[in-house]
Amino acid sequence: MNRFETSKVECVRGDRPLVSGLSFSLQHGELLHIVGRNGSGKTTLLRTLCGLSRPNAGQIRWNSTDIHVLGDDYRALLAYVGHANGVQGDLTAAENLHVATRLNNGTDTLVKGALERMGLTRFAHLPTKVLSQGQRRRLALARLLVSKKNLWILDEPFAGLDADSVAVMEDILTDYLTRGCMVVVTSHQKIACGAKATQHITLDS
Amino acid sequence: MSWSEFISMGGYGGYVWSAYGFAIFVLVINVIIPMRRRGVVLKALRQFIVSQTVQEK
Amino acid sequence: MIYKKYASPKNFYPLAGRLIPWLGVLTVLLLAVGLYWGLFVAPTDYQQGESYRIIFLHVPSAWMSMFVYVIMAAAGALGLTWKTKLAEVLASACAPIGASFTLVTLVTGSIWGKPMWGTWWVWDARLTSELILLFLYIGFMALEASIEEPRRAARAAAVLALVGVVNIPIIHFSVEWWNTLHQPASVSKLGAPSIHPSMLVPLLMMFIGFKLYFATVVLMRMRYAILEREKHTRWVAEVVGTKAQ
Amino acid sequence: MTSSSLFVAVRCVFVRDVTVALRRSTDVLTPLVFFIIVGSLFPLGVGPEPNLLSTMAPGVIWVAALLATMLSLSRLFANDYADGTLEQLTLTPHPLTTLVLAKIMAHWLLTGLPLVLISPLLALQLNFQYENMGILVASLLLGTPVLSLIGSVGAALTLGLRGGGVLLSLLVLPLYTPVLIFGAGAVSTHALGMDVEAHLSLLAALLVLSVIFTPWVTAIALRISLD
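Definitions and limits used
- Residues numbered from 1 in each chain as written.
- Chains lettered and ligands numbered in written order.
- Predicted model: local features only at pLDDT ≥ 70, side-chain atom pairs only at ≥ 80, totals over all residues.
- Heavy atoms only, no water.
- Buried < 20%, exposed > 50% of the residue type's maximum accessible area, 1.4 Å probe, protein only.
- Helix = DSSP H or I, 4+ residues; strand = E, 2+ residues; numbered from the N terminus.
- Pairing = 2+ DSSP bridges.
- Contact = heavy atoms within 4.5 Å.
- Buried area = accessible area lost by both parts, 1.4 Å probe.
- Salt bridge = Lys/Arg side-chain N within 4 Å of Asp/Glu carboxyl O.
- Polar contact = N/O pair within 3.5 Å; in protein donor to acceptor, adjacent residues only side chain to side chain.
- Axes fitted to C-alpha atoms, helices over the stretch in contact; angles between N-to-C directions.

**A look at the pairing of strand S1 (residues 4–13) of chain A**
Residue and element names in this part refer to chain A.
Line of reasoning, step 1. Judged by how many residues are buried, S1 sits mostly within the fold: seven of ten residues are covered.
Line of reasoning, step 2. Bridge count between S1 and strand S2 (residues 16–26): seven bridges; the pairing is antiparallel. By the bridge assignment, Arg13 is partnered in S2 with Arg16.
Line of reasoning, step 3. With five bridges connecting them, S1 and strand S4 (residues 57–62) associate as antiparallel partners.

Okay, here's the thing in structure tokens:
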């Protein structure tokens, strides 16, 4: 069974240590909820877990192999939704999803279903620059549905979403976790989803 | 070689001394700048560390 | 592991502090003797008269401008692969010194060329590639200055230095090629005079003197740069603390 | 990760970049217009005297092409960096080097190639002899991809920096000198009737070298900038 763990990870921003000595281990079907005030290094930590940033010290392992050693193989099983939506303004919603699918070895047929699930079918053929911030956020989250990944790392997924979108997102998380995958998420609100086990980590600023 | 001959450098004095002058000037500047900067950095670090310890208390 | 002991900034700071005075004295000594020998003892060149004495500064600094860039690129590569802060600090400390040597080479080169060709600037192959090398140094320093986050600044500048060091031979070859292509008959290459044996000694002294000078100044720059980079550590607090009294 | 999925990803990046650029046609036209304007400024500066213009034409066209490419380099990564798509690109399971090469080729298709096609027009304006047109187009065809490739390293290094445009030109112009020398040299030696075999082969050598190495360096620079 897959295991995602870190040992004594230290994250730095401009030579100032933000997070140090962080260790956790995530099994399949588990959710890790990271909480912390603004500027406490949540985003930096998440970007380090994705392999975008390098940790100043410590190690991040997937099935006991360092993620930087795994390289592309780790990126094949990881999906990341950061603060930036990663959505091209001049492409339509459908085109954006098709690009995400092809880049992450997903299947094109899933695109229609993903748009439906996130309630974006009506806007599928509009350039995303005319969509609202909430709609663009939902499009970014729709990316999670078009490719089979074992690990999701989500940075404030619920920020800017209306009530029923949050409910939809919580259902998606529940389905995903019951299928035996793992989620690392930062959010200021409680997450009601059927995770086998939820771990909490609080970062003090 | 008398002093005045040395200065005139066989008529090329202007060139030789301006070249030597500029080179030595640059070499000396490169020693002075780090010396002065060191004082500035130490002072800035002292304030930083003082503010850091105050923050921690 | 020796490497870790000396490479740790904490040990580097006092070690450099002890080395600098000795290096400084040696540098001054060598440069003084070298210059005295070059100006007084070396015979006059039959062709260029006294103006050739500028080579005792021009040639060693031209060599240093290239040598320092290679050191900078190597330190950058070290910093990129092993993430050692000392290597990053060494690379950024090298840049201004290398740029200064390039400037000295350009100025002394054009002053030396004036009596021969009557103009201050000549598109001679070596002077032109030296000018491009100056732009490479300025690019390095500008890139490093415009990135706030010190780690990214050092690594981005290291990549630029490595791309630069690969391009220097290509640039030099293309400028040589360009120079021979557009060779106006009158301009002879910056003719190095036939090196008389007694000229070799001061030249050699100046070479070694400049290397010692480089070592002294780079260590001086690195000492306070490493303090800045390590300002969150305890040892810096102690060092800065003691300096206060 | 089979090679076919890599091909799919590379084609997807290429097609995406081309469609986005075409939908923002101002991005494509500005370097082109800039190229023409810079080219036409020279006669105003040095006077309309025909033989002077025709001897200067290769140099002027090459410098104008070089500046136009540099002007458009920031478009290569800046928009994707701003909206987060660049981050997603580095998180795909495919080697970033190949995807970056696809992006650079898409950029060249929309800036380098139009410059090459328009350059005869500018050459005529500078009273450039008709029989040398072939060499001019050939040298630009070989040279402009090198400009895009080397420029992409600068664009990746100066990602998201204030004053990025000027800084980018400061980093990249010294590295452009060999391409300029061989490119402009090829055209001017041909105009003098001498054979240009050496120039074009050196330019082609530069192209091969930069196609192999620069995408890899740009990928490293991107990962550093996104750190």
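**Quick notes on the interface of chain B and chain C**
Line of reasoning, step 1. With 30 residues of chain B in contact, the opposing surface of chain C contributes 40 residues.
Line of reasoning, step 2. Summed over both partners, the interface of chain B with chain C buries about 3200 Å², with 79% contributed by carbon and sulfur atoms.
Line of reasoning, step 3. Counting across the chain B and chain C interface gives one salt bridge.
Line of reasoning, step 4. A salt bridge links Glu228(C) to Arg37(B); the shortest N-O distance between them is 3.9 Å.
Line of reasoning, step 5. Taken together, the links from chain B to chain C amount to four residue pairs in polar contact (both at pLDDT 80 or more).

**Comments concerning the sheet that holds strand S6 (residues 78–81) of chain A**
All names here are of chain A.
Line of reasoning, step 1. Strands sit in the order S6-S7-S8-S3-S9 across an open sheet of five strands; the sheet is parallel. Taken across any chain shown, the strands that pair with only one partner, and hence form the sheet edges, are S6 and strand S9 (197–203). Adjacent strand axes in the sheet meet at a mean angle of 15° when their direction is disregarded.
Line of reasoning, step 2. Two strands pair when backbone bridges link them, and strand S3 (residues 30–36) and strand S8 (residues 182–186) are joined in this way by four bridges, in the parallel orientation. Its bridge partner lying in S8, Ile34 is registered against Thr186.

**So, the pairing of S4(A)**
Residues and elements named next belong to chain A.
Line of reasoning, step 1. Pairing geometry for S4 and strand S5 (residues 65–66), over two bridges, is antiparallel. Its bridge partner lying in S5, Trp62 is registered against Thr65.
Line of reasoning, step 2. Hairpin connection, S4 to S5: the antiparallel pair is bridged by two residues, and Asn63 has positive phi, about 50°.

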